Amino acid sequence: MSTWFASWLVASTLARAQGYYLESDPVATREVADALSDAATGARCPGAVVRRYVQGEGWRFLFRSTTVEDVELARGCVAALELPLGVVVRLVEQDEDRRRVIGVWPSDGAAVEPQAPPQDPRLAKIPTDASEIVSRMERAHAGASGGAANAPTVLFRFDRITPSGGRVRHVFVRRGDDRYLSVDVLAGDGRDSKSGIVGQLAWLEGSTKKLDASLVRDQIDRFSPESVLQIAIDLGAGKLNLPDAGDLHVDAVRMVSGRPMVELASEGDADSAPTRLIIDGDTWRLLGVEHGAPGASMRWTFEGWRELEDGALRPDRVVVSRGTETIDTIELRELELSPTLPPEWFAPPLP
C-alpha cells in the first residue's frame, strides 16, 4: 500500500463529527464526474461518484472524496488535482451536524474563498441536531390515534398510474381480520377483479376453488396503506421507521423557491444503503426520500399532504422514480379511518 493512500485511509476512519472532504458541483453527465474521480484518485484524493437531485434540474452527478481529519491533507491533494474544464471543487469542513465551505477551486486551479450568500433568517432557526429535525417531522405528521397503521377499520382508495399511461383504481378495506379488495382497470391493459376474506372464508370473484385465507390475506395486504405508502404511514403513526435513522446528519440547509429546505443524509455502510430525506423547514413535512447505492437509488416524492380526521397527514400523490425515469405514480382518492362500509363488500359471492 502506498504511503499517501495509507495516510488517507487512516485519516478517513476517524469520526465524522470533525473532518474535511472535497465535493464537486453537480454535473449533467456521469462521464464528467468519472473523469474527475479518476483525476482525484491520481491526485491522492480517493472518493466516489454519487448522484444528487437538484431542484429544477433533476438528477446530477458529483464527485465526493473520503472525509479526512487533516485539512492540509485535503488542501494538498486538491492542489495537485487537474480539474476538467468548467468543473468546480469545494473544500468542505464537517463539524458536528453542520457543513461549511472553506475553499473553492475553479477550472484554472486558483483557490478562491466563496462569497457567502445572503442568509435568510428562517435558515438560522433550523436546528443543527438531526435528531431534533426528525422529532419535529414525526410530530408534524402524527395524528391522535396513530393514523391508518393503528386503525382497526380502514378504507383506502387509490389509483396507480404507469409510465405507459395505464390507470388502475384499487379499493382496499380492512375490518379487523376481514379484508376486501377491488381492482378496476380504467385505462391500459389488465383485468378487473374482486377478492376478500370473511372470517376464515377467502374468495375470489369468478373462482370456485377453495382458497387459503392466510395466503389471500397476504396478497390483499400488499395493497394496504402501510405497503403502498410505507414511510408516509410510518410517520402518521409518529415514527420514522428507517434502519439507519440514527446515522442521519444535516447535510444541507438552503432556500428553494422561497422556502427553507433541509436535507438529512446517511452515507450507509456494509449493512445499509445511503439515505437522503428532503424536509420542508417551515412545516417539517417530508417532501422526498432517496434510498440506495449511487447509480441504483430509488426516490419517493410526496405531494399535497392533507390531514386525516385524527390529525395525521397523508399525501395526495406519491411519485416513485429511479434516476430521471418515473416508475410508478400513486394518486390517493380516499383514506378513511373507521368508515361505514357497504355490507355487500363482506358478502362472499354465491357459487
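Keep in mind that this is a model prediction, so the values were computed, not measured.

Asker: Whenever I open this one, the sheet that holds strand 7 (residues 167-175) confuses me. Can you help?
Answerer: Within a beta sheet, neighbouring strands are joined by backbone hydrogen bonds and run either parallel or antiparallel to one another. Spatially, 10-9-8-7-6-19-18-15-14-13-12-11 is the arrangement adopted by the twelve strands of the open sheet, whose pairing is antiparallel. Looking along the sheet, the strands with just one partner apiece sit at the ends: strand 10 (201-204) and strand 11 (249-256). With strand direction ignored, the average angle separating the axes of adjacent strands in the sheet is 15 degrees. Summarising the sheet, strand 14 (residues 286-291) and strand 15 (residues 298-303) pair through four bridges and their orientation is antiparallel. Within the sheet, the bridge partner assigned to E290 lies in strand 15 and is R299. Packed on one face of the sheet, helix 5 (residues 130-141) meets strand 11, strand 12 (259-266), strand 13 (275-280) and strand 14 and runs near 115 degrees to strand 12. Sitting on the sheet, helix 6 (residues 213-220) is in contact with strand 7, strand 8 (178-187), strand 9 (193-198) and strand 10, with an inclination near 125 degrees to strand 9.

Asker: Hey, could you run me through unusual backbone geometry in this one?
Answerer: Across residues other than glycine, the phi torsion is negative in most instances, and most of the peptide bonds are trans. The residue S257 is not glycine, and still its phi comes out positive at about 55 degrees. Mapped onto the secondary structure, S257 falls in the loop between strand 11 and strand 12. A relative accessible area of 74% means that S257 is categorised as exposed. In this structure, W284 takes a positive phi of about 65 degrees despite not being glycine.

Asker: What is the right way to read the packing of aromatic side chains from this model?
Answerer: Any two aromatic rings considered together are summarised by their centre-to-centre distance and by the angle between their planes. Tallying each qualifying case throughout the model produces four aromatic pairs. With centroids separated by 4.9 Å and ring planes inclined at 10 degrees, the aromatic side chains of Y180 and W345 adopt a geometry described as stacked. Here W345 lies in the segment after strand 19 (325-337) and Y180 lies in strand 8, a separation of 165 residues in the sequence. Residue class for Y180 comes out buried when judged on its relative accessible area of 4%. Every member of this aromatic cluster is reached through a ring pair, and the members are Y180, W203 and W345. One cation-aromatic arrangement involves R64 over Y21; the distance from NZ or CZ to the ring centre is 3.8 Å. In this structure, R175 is placed above the aromatic ring of F346, and the distance from its NZ or CZ to the ring centre is 3.8 Å.

Asker: Before we go on, may I ask you to explain the pairing of strand 19 in this structure?
Answerer: Strand residues, when the strand is regular, have side chains that alternate between the two faces of the sheet. With eight bridges connecting them, strand 6 (residues 153-161) and strand 19 associate as antiparallel partners. From the neighbouring strand, R157 faces strand 19, where its bridge partner is E334. The loop that links strand 18 (residues 317-322) with its antiparallel partner strand 19 comprises two residues; one of these, G323, has a positive phi angle of about 65 degrees.

Cut-offs and rules
- Residues numbered from 1 in each chain as written.
- Predicted model: local features only at pLDDT ≥ 70, side-chain atom pairs only at ≥ 80, totals over all residues.
- Heavy atoms only, no water.
- Pairing = 2+ DSSP bridges.
- Helix = DSSP H or I, 4+ residues; strand = E, 2+ residues; numbered from the N terminus.
- Axes fitted to C-alpha atoms, helices over the stretch in contact; angles between N-to-C directions.
- Contact = heavy atoms within 4.5 Å.
- Buried < 20%, exposed > 50% of the residue type's maximum accessible area, 1.4 Å probe, protein only.
- Phe/Tyr/Trp six-rings, centres within 6.5 Å; stacked < 30°, edge-to-face > 60°.
- Lys NZ or Arg CZ within 6 Å of the ring centre and 35° of its normal.

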